[in-house]
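Geometric and topological summary
The primary structure of each chain is shown beneath.
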Amino acid sequence: MAGKRIIMMGPPGGGKGTQAKRIQDRYKVVQLSTGDMLRAAIATGSPVGKQAKSVMDAGKLVSDDVLIAMIDERIDQPDCANGFILDGFPRTIPQAEGLERLMAKKGLKLDAAIEVRVPDEKLLERLTGRFTCAKCGEGYHDKFKLPKKAEVCDVCGGTQFSRRSDDNADTVKTRLKAYHEQTAPLLPFYERKGVLKVVDGDREMSLVFADLERILGL
Ligand code: AP5
């Protein structure tokens, strides 16, 4: 996995973040989640955060220019020298073209774009049941992944948890629409480039991970 540069794609709640984090933890390749970066920008009240807040709350996509600039700067950081996993970027054709340009400029090659495929009808339950440890960010689910000890984080022992404001039924509907209209066209884009791999994400998390390891030759 060292030196690999991959994109995790798939619908909201499909398990991109869950699987990217597992790869990061096991193979020490950094996960770059644009959703997390934008939420951090909102938390600090930066100009990007101010611009992104209402767009994200509505379930729509933040502007391509903001995202491309964010990734351009982020992948120059030393922790990306060993490869990276893009989680939630690119999400539109202009973002994919922007990524191509900036990687060419930096002399980097994309190894794989992975689609974590999950049927729409499974996603609402996944998203509305999701919660994370407020201290370390470990992800959980009301049904699919509860902490071993009730209300205590398995990783850091924290006892405060939070839920995302965009994980409600109305916003999920808009996020899914944005996925099908703006992001799904990237699948044929990467297929034509010969880097698209598909993993069945509608299975138990460790089975999905085992498939990813096999597909990526890890
Ligand atoms: P972002 O944070 O990227 O959200 P998203 O794409 O909607 O994806 P999620 O994080 O909701 O889902 P996931 O696939 O990572 O699922 P997870 O692993 O957590 O983006 C948020 C917003 O930011 C966007 O709407 C947009 O406004 C903006 N934004 C971000 N990037 C942008 C970009 N490039 N351009 C423009 N705007 C951008 O899993 C979900 C739950 O299911 C968890 O509880 C998990 O435990 C559970 N789960 C995972 N896998 C399984 C499994 N196999 N079986 C059962 N449960 C599972």
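In what follows, the accompanying structure is described. Quantities reported herein were computed from a predicted structural model and do not represent experimental measurements. Residue positions within a chain follow its written sequence, with the count starting from 1. Two thresholds apply to this predicted model, a pLDDT of at least 70 for residue-level local features and 80 or more for giving and counting side-chain atom pairs, whereas whole-chain, interface and lining totals are computed over all residues. The basis for the side-chain values is all heavy atoms of the structure; hydrogens and waters are excluded.

Regarding the environment of Asp 154
The cut-off we apply is this: Secondary structure is summarised from DSSP: a helix means a run of H or I of at least four residues, a strand means a run of E of at least two, and numbering begins at the N terminus for each. Relative accessibility under 20% of the residue-type maximum defines a buried residue, over 50% an exposed one, and the middle range a partly exposed one, all with a 1.4 Å probe and only protein chains included. Every residue pair with non-hydrogen atoms within 4.5 Å of one another is taken to be in contact. Any N or O atom pair separated by 3.5 Å or less is treated as a polar contact, with the protein-specific requirement of one donor-capable and one acceptor-capable atom, and with residues adjacent in sequence counted only for side-chain atom pairs.
Summarising the element assignment, Asp 154 is placed in the loop between strand E6 (139–141) and strand E7 (161–162). Residue class for Asp 154 comes out partly exposed when judged on its relative accessible area of 35%. Setting aside its immediate chain neighbours within four residues, Asp 154 contacts Tyr 140, Leu 146, Pro 147, Lys 148 and Lys 149. Reaching out from Asp 154, the side chain makes a polar contact with the backbone nitrogen of Lys 148 at a distance of 2.8 Å.

Remarks on the sheet that holds E7
Threshold: When DSSP finds two or more bridges between two strands, those strands count as paired.
Pairing is antiparallel in the open sheet, where three strands are placed in the order E6-E5-E7. Both outer strands of the open sheet, E6 and E7, are each paired with one neighbouring strand and no more. Here two bridges tie strand E5 (residues 130–133) to E7, and the two strands are oriented antiparallel to one another. Across the sheet, the residue bridging to Thr 132 is Ser 162, located in E7.

Some points on the layout of surface pockets
Cut-off, in case you're wondering: Buried and open spaces are told apart on a 1 Å grid over the protein atoms alone, a cavity being a set of points where a 1.4 Å probe fits but cannot get out and a pocket being an open set with protein on both sides within 12 Å along at least five of seven lines. Residues with an atom within 4 Å of a point are the lining residues. Grid points are joined across faces, edges and corners, and a volume is the space filled by probe spheres set on the points. We call Asp, Glu, Lys and Arg charged. Ala, Val, Leu, Ile, Met, Phe, Trp, Tyr, Cys and Pro are nonpolar, and the rest, Gly among them, are polar.
Estimated volume of the second largest pocket: approximately 180 Å³. If you go around the second largest pocket, the residues you meet are Arg 39, Ile 42, Ala 43, Lys 53, Met 56, Asp 57, Arg 164, Ser 165 and Asp 166. If you list the elements that add at least two residues to the lining of the second largest pocket, you get helix H2 (34–44) and helix H3 (47–57). In the lining of the second largest pocket, the residues fall into three nonpolar, one polar and five charged.

Considerations on the packing of helix H4 (residues 64–74) against helix H5 (residues 93–106)
Put simply, the rule is: What counts as an axis is a line fitted to C-alpha atoms, over the stretch in contact for a helix, and the angles between N-to-C directions run from 0 to 180 degrees. Here roughly perpendicular refers to angles of 65 to 115 degrees, roughly parallel to angles under 35, roughly antiparallel to angles over 145, and oblique to all remaining angles. Left-handed describes a crossing whose near helix is turned anticlockwise from the far helix by less than a right angle; the clockwise case is right-handed.
Two elements in contact, H4 and H5, have axes whose closest approach is 10 Å; the angle formed by their N-to-C orientations is 25°. By the angle between their directions, the pair H4 and H5 is classed as roughly parallel. With respect to the hand of their crossing, H4 and H5 are arranged in right-handed fashion. Of H5, the residues touching H4 (which contributes Asp 64, Leu 67, Ile 68, Ile 71 and Asp 72) are Pro 94, Gln 95, Gly 98, Leu 99, Leu 102, Lys 105 and Lys 106. Here the residues of the contact of H4 with H5 are counted per class, giving six nonpolar, two polar and four charged.

Structural notes on the pattern of salt bridges
Rule in force here: Salt bridge, as applied in this entry: a Lys or Arg side-chain nitrogen positioned within 4 Å of an Asp or Glu carboxyl oxygen.
Throughout the structure, instances matching the rule amount to 25 salt bridges. Measuring nitrogen to oxygen at the nearest pair gives 2.9 Å for the salt bridge that ties Asp 76 to Lys 106. With Asp 76 in the loop between H4 and strand E3 (84–87) and Lys 106 in helix H5, the pair connects residues that are 30 residues apart, well separated along the chain. Glu 181 is the salt-bridge partner of Lys 177, the closest N and O atoms lying 3.3 Å from each other. Residue Lys 177 and its partner Glu 181 are both found in helix H7 (residues 169–183); the two are separated by four residues, about one turn of the helix. What you see here is one network of salt bridges that share partners, running through Arg 130, Arg 164, Asp 166, Asp 167 and Arg 175.

Some remarks on the packing of aromatic side chains
For clarity, the threshold we go by: In this scheme Phe, Tyr and Trp rings, the latter by its six-membered ring, pair at centre separations within 6.5 Å, and the angle between planes marks the pair as stacked below 30 degrees, edge-to-face above 60, and tilted otherwise. Two thresholds decide whether a charge sits over a ring: the Lys NZ or Arg CZ must be within 6 Å of the ring centre and within 35 degrees of the ring normal.
Per the counting criterion, the structure on display carries four aromatic pairs. Note on Phe 131 and Phe 161: the rings are 5.5 Å apart at their centroids and 80° apart in plane angle, and the pair reads as edge-to-face. Note that Phe 131 is positioned in strand E5 and Phe 161 in strand E7, a separation of 30 residues in sequence. Looking at Phe 161, the relative accessible area reads 25%, which means it is partly exposed. One aromatic cluster is present, formed by Phe 131, Tyr 140 and Phe 161 through successive ring pairs. For the cation-ring pair, Lys 145 lies above Tyr 140, with the distance from its terminal atom to the ring centre recorded as 5.1 Å. A cation over an aromatic ring shows up here: Lys 193 above the ring of Phe 189, its NZ or CZ 4.9 Å from the ring centre.

A closer look at unusual backbone geometry
Residues Phe 89 and Pro 90 are joined by a peptide bond in cis, for which omega reads -5°. With respect to the helices and strands, Pro 90 occurs in the loop between E3 and H5. Even without being a glycine, Lys 28 presents a positive backbone phi close to 55°. Residue position: Lys 28 is located in the loop between helix H1 (16–27) and strand E2 (30–33).

What to know about the site of the ligand
Quick reminder of the rule: A single heavy atom is enough: if one lies within 4 Å of a molecule or strand, its residue is considered near that molecule or strand. Accessible areas in this description were obtained via Shrake-Rupley with a 1.4 Å probe; residue shielding takes into account the shown protein chains only.
As a structural note, the neighbourhood of the ligand is formed by 33 residues, with Thr 18, Lys 60, Arg 91, Arg 130 and Arg 175 the closest of them. The separation between a nitrogen atom of the ligand and a polar side-chain atom of Thr 34 is 2.8 Å. Within the backbone of Lys 60, a nitrogen or oxygen atom sits 2.5 Å from an oxygen atom of the ligand. Considering the ligand on its own, with 1,000 Å² of exposed area, one finds that the protein chains cover 95% of that surface. Those elements giving two or more residues to the shell around the ligand turn out to be H1, H2, helix H6 (123–128) and E6. Among the elements that make up the shell around the ligand, the one with the highest residue count is H2 (four residues). Of the residues belonging to the shell around the ligand, the class tally is twelve nonpolar, eleven polar and ten charged.

By themselves, these observations are geometric and do not establish any function.
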